[in-house]
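# Structural overview for review
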Amino acid sequence: MTVGLEFDQLQSSADALRRSISNRLMYGVGKDAVTARPQDWLHAAALAVRDRLVQRWMVTTRRQYDQDAKRVYYLSMEFLIGRTFSNALLALGIYDQMKEALADVGIDMESLIDLEPDAALGNGGLGRLAACFLDSMATLGIPGFGYGIRYDYGMFRQRIVNGEQVEAPDYWLHAGNPWEFPRPEVQYPVHFGGRTVQRDDHVEWIDTQHVNAMAYDTVIPGYATDATNTLRLWSARADEELDLSAFNKGDYQGAVETRNESENVSRLLYPDDSTMAGRELRLRQEYFFVSATMQDLIRRYLRTHSTFGRFSEKVAVHLNDTHPVLAIPELLRLLVDVHHLPWAEAMGHIRRVFSYTNHTLMPEALETWDLELLARLLPRHLQIIFDINAAFLTEASDQGAHDLDLIRRISLVDEFGHRRVRMAYLAIVASHTVNGVSKLHSQLMQRDIFADFARLYPERFTNVTNGITPRRWLAQANPPLARLIDESVGTNWRRDLLELRGLRNLRGDAAFEAAFHAAKRCNKVRLVQRLTQRTGIAFDPDALFDMQVKRIHEYKRQLLNVLHVIVRYNRIRENPQSDWVPRVVLFAGKAASAYRMAKTIIKLINDVAEKVNSDPAVGGRLKVVFVPNYGVSVAELMIPAADLSEQISTAGTEASGTGNMKLALNGALTIGTLDGANIEIGESVGPEHIFIFGHTSDQVDALRASGYRPRQIYEDNAELRTALDQIRTGFFSPGDPARFLDIFHSLVDWGDHYLVMADFAAFIAAQEEVDRRFVDVAGWTASAIENVAGVGQFSSDRAISEYASDIWRVKPLDMG
Ligand SMILES: *Cc1c(COP(=O)(O)O)cnc(C)c1O
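Residues numbered from 1 in each chain as written. Predicted model: local features only at pLDDT ≥ 70, side-chain atom pairs only at ≥ 80, totals over all residues. Heavy atoms only, no water.

As annotated in an unreviewed UniProt entry, the protein chain is Alpha-1,4 glucan phosphorylase from Paraburkholderia denitrificans. The Cofactor (unreviewed entry) field of the UniProt record for the protein chain holds the comment "pyridoxal 5'-phosphate". Regarding the protein chain, the UniProt comment filed under Sequence similarities (unreviewed entry) reads as follows: "Belongs to the glycogen phosphorylase family." (UniProt positions renumbered as here; feature names shortened; annotations may be inferred.)

Structure representation (structure tokens):
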């Protein structure tokens, strides 16, 4: 007779939690209450929470097996998770109990929460989207896995020193990561280099070097459900044998160096999400994680199936942008070379399992890889890509594409100049579905960058507008507003965000409007306190909080915002007696470390801030604040405090945006262009509750085609000219008058690629309208409420439901 395993059933009461924390502190962290530092308490509390998640995780995993569920593999180079502790507490419904349990032992939970480092394995929107999608997949019970890289160093930490960005490494694992489970037993070799040889019936890839990919698993809790998902991240481990051979030759140092070098592949996140790093290591990273992932999904599939017959019924692989596209030739290689499937059958599986999301229309951000580099690093994959290309071009000409020019345009290999593989084209050719991330972006994608493919395969293209998780971006980030909404329309909005529409029934309810205004003010006070602590700048919580928080990039047009600030400053100085609406203009965002212009823009913002903030003539009616180190946790602090959301990209450049959704959900009014999801936000909240300005994407195209002359605008608009001349002549940088010459020239003389000048006048007019509206407190609050009530469709739950039913064809797990 065997004795069964027995587990404690972990309860949610404060008593049970206190007991768990005590046990975890003692047996997990190895400390007692006398020596424990706050960090240790956090670790113990996190482990107590994790234990409760694991219970659910096991249930979900068992159900997936029992139901032989189709699984979604969501492949992304980036997951911008942020902190996990309070998110998990809210998902489990034990936030208050944990707070009480910690208070019982003399610990303030809020201060523990702030000790947790952000898991910042991403640059910006693309990585945060992946994190919101994991949250929604878990909450909806969609059986899914996130797959990515466990970077030792995440997104760099940004400090501002003398107004300039200074980057510091983000060694986020320094205190250990209580949320992950290392799986040393799950390791796959990933090969590079070597050459291929043709055997009788198959190709062999030989003489390679390899590194092992080791799995680390993190549980992703669903909100108020037993369903969970897994984020599996790969870390590079050098092969022991390889080390030993060098070691045995007496080259101890060499053995260690080889080891370090091969483990570099998961060392750091590339600090850029819109321009190609173009580096060999980046290509190695991309192949490293998709190879391990494809090996892992085949292994999992074959555990319950003896042939590949039902492969596409059980597997969906989603490519978050082109970074994971090598998964396509890798899966083909594994099916054909390793599992000996016929090519045609393998290709059939590929086309039934892959789908691809495009995230950018900017040609310079469309990934391509040098043929010579691919040949050296992944010779077998290059052959496979050639084979896919040949079959595709044959198929295309069968469909009537005889035009040589067209064939050259759609070829997976760009033959113009240096030969390169076009990764987006490979993704389109091998996927069953390609989606854009907002209505406008999906249209432009089919009209412009992928026009030839959209004509060949019209049924393949679709739209799924992005979304954000209301759990993190409202429930967790904005407790005062969440509480008010709970009292007004109930608590179910966390699972069905469309329920926020119920707030419309409170139109004209003065008590509700006052409470809403008070909640916003509470968040503004919280932000002022935190920023005054951090930056020493004090400002008035009753001023209009005007916020632009996102990566610093020319297309996002922080410069347009700065120009407005300068014009406002000049107007105040000329007319100090006038009734100025007090404003605090807040910026936050990181610049890619190699992006010089973006870094100069940060410096300009800070120089303008210094001038404006110290000018007694302004008297606090205008403040400019650059908040350092933008990331998920800073966003959670800032966004709930915004009155005005700056979404001012040149129309046609921002694929969707998700910051726009977070801000509207937190009751900020948008000032924005008709770009990305701004258009759909406007449609949802109504034109009278959003400030739309500037050229439409069609007008942008027409203006560029007709010969755009920014210098003319400079000469014709006196206020703009004054502002630009101040930038040019060192008014904001007296110690270094030439500092911003490049900014001036890029706008006035070098073509103003993003049409800042063309939209300037309309932007200023829209800002004047903002002022007029803001002084009507009741009217503004009513509009803010309309924003919250109107943006329910921008929940990532809606987005994931669409992916699940229209693209992945997966059903939620039956949770019994
Ligand atoms: C939402 C989010 C983004 C994306 O913001 P956009 O305004 O859409 O560019 C970037 N970074 C962080 C930390 C975010 O939370």
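The next point concerns the pairing of strand β13 (residues 354–357). The alternating pattern of β13 places Phe 354 and Tyr 356 and Ser 355 and Thr 357 on opposite faces, both of which are buried. Pairing geometry for β13 and strand β17 (residues 433–436), over three bridges, is parallel. When the bridges of β17 are listed, Thr 357 appears paired with Asn 435. (Buried < 20%, exposed > 50% of the residue type's maximum accessible area, 1.4 Å probe, protein only. Helix = DSSP H or I, 4+ residues; strand = E, 2+ residues; numbered from the N terminus. Pairing = 2+ DSSP bridges.)

A word on the side chain of Thr 658. You can see Thr 658 is positioned in the loop between β22 (644–647) and α25 (659–665). With relative accessibility at 9%, the residue Thr 658 sits in the buried group. Those residues in contact with Thr 658, other than ones at most four positions away along the chain, are Gly 125, Leu 129, Asn 466, Gly 467 and Ile 468. (Contact = heavy atoms within 4.5 Å.)

Strand pairing in a sheet relies on backbone hydrogen bonds. The paired strands run either parallel or antiparallel. The sheet built from nine strands is open, its strands ordered β7-β10-β11-β4-β1-β12-β13-β17-β18 with mixed pairing. Strands with a single pairing partner mark the edges of an open sheet, and in this sheet they are β7 (180–192) and β18 (461–463). Taking each pair of neighbouring strands and ignoring which way they run, the sheet shows an average axis angle of 25°. Where strand β10 (residues 209–221) lies against strand β11 (residues 228–237), ten bridges are found, and the strand directions are antiparallel. Paired with Met 214 across the bridge in β11 is Ser 235. In this fold helix α17 (residues 439–447) packs onto β17 and β18, with an angle of close to 160° to the strand it touches most, β18. (Axes fitted to C-alpha atoms, helices over the stretch in contact; angles between N-to-C directions.)

Once that is clear, we can look at the pattern of salt bridges. Under the counting rule described, the total for this entry stands at 62 salt bridges. Taking the shortest distance from any N to any O, the salt bridge between Arg 447 and Asp 701 comes out at 2.9 Å. One end of the pair, Arg 447, is in helix α17; the other, Asp 701, is in helix α27 (residues 697–705), and 254 residues separate them in sequence. On the basis of relative accessible area, Arg 447 is assigned to the partly exposed category, the value being 42%. In this structure Asp 701 comes out as partly exposed when scored by relative accessible area, which is 34%. A salt bridge links Arg 504 to Glu 786; the nearest nitrogen and oxygen atoms lie 3.7 Å apart. In this pair, Arg 504 is assigned in the loop between α20 (479–489) and α21 (510–535) and Glu 786 in helix α32 (residues 777–790), connecting sequence segments 282 residues apart. (Salt bridge = Lys/Arg side-chain N within 4 Å of Asp/Glu carboxyl O.)

Okay, the environment of Arg 419 next. Its place among the elements puts Arg 419 in the loop between β15 (413–414) and β16 (420–422). Distance from Arg 419 to Ala 344, taken between C-alpha atoms, is 27 Å for residues 75 residues apart in sequence. Not counting residues within four places of it along the chain, the set of residues in contact with Arg 419 comprises Trp 369, Asp 370, Leu 371, Val 413 and Asp 414.

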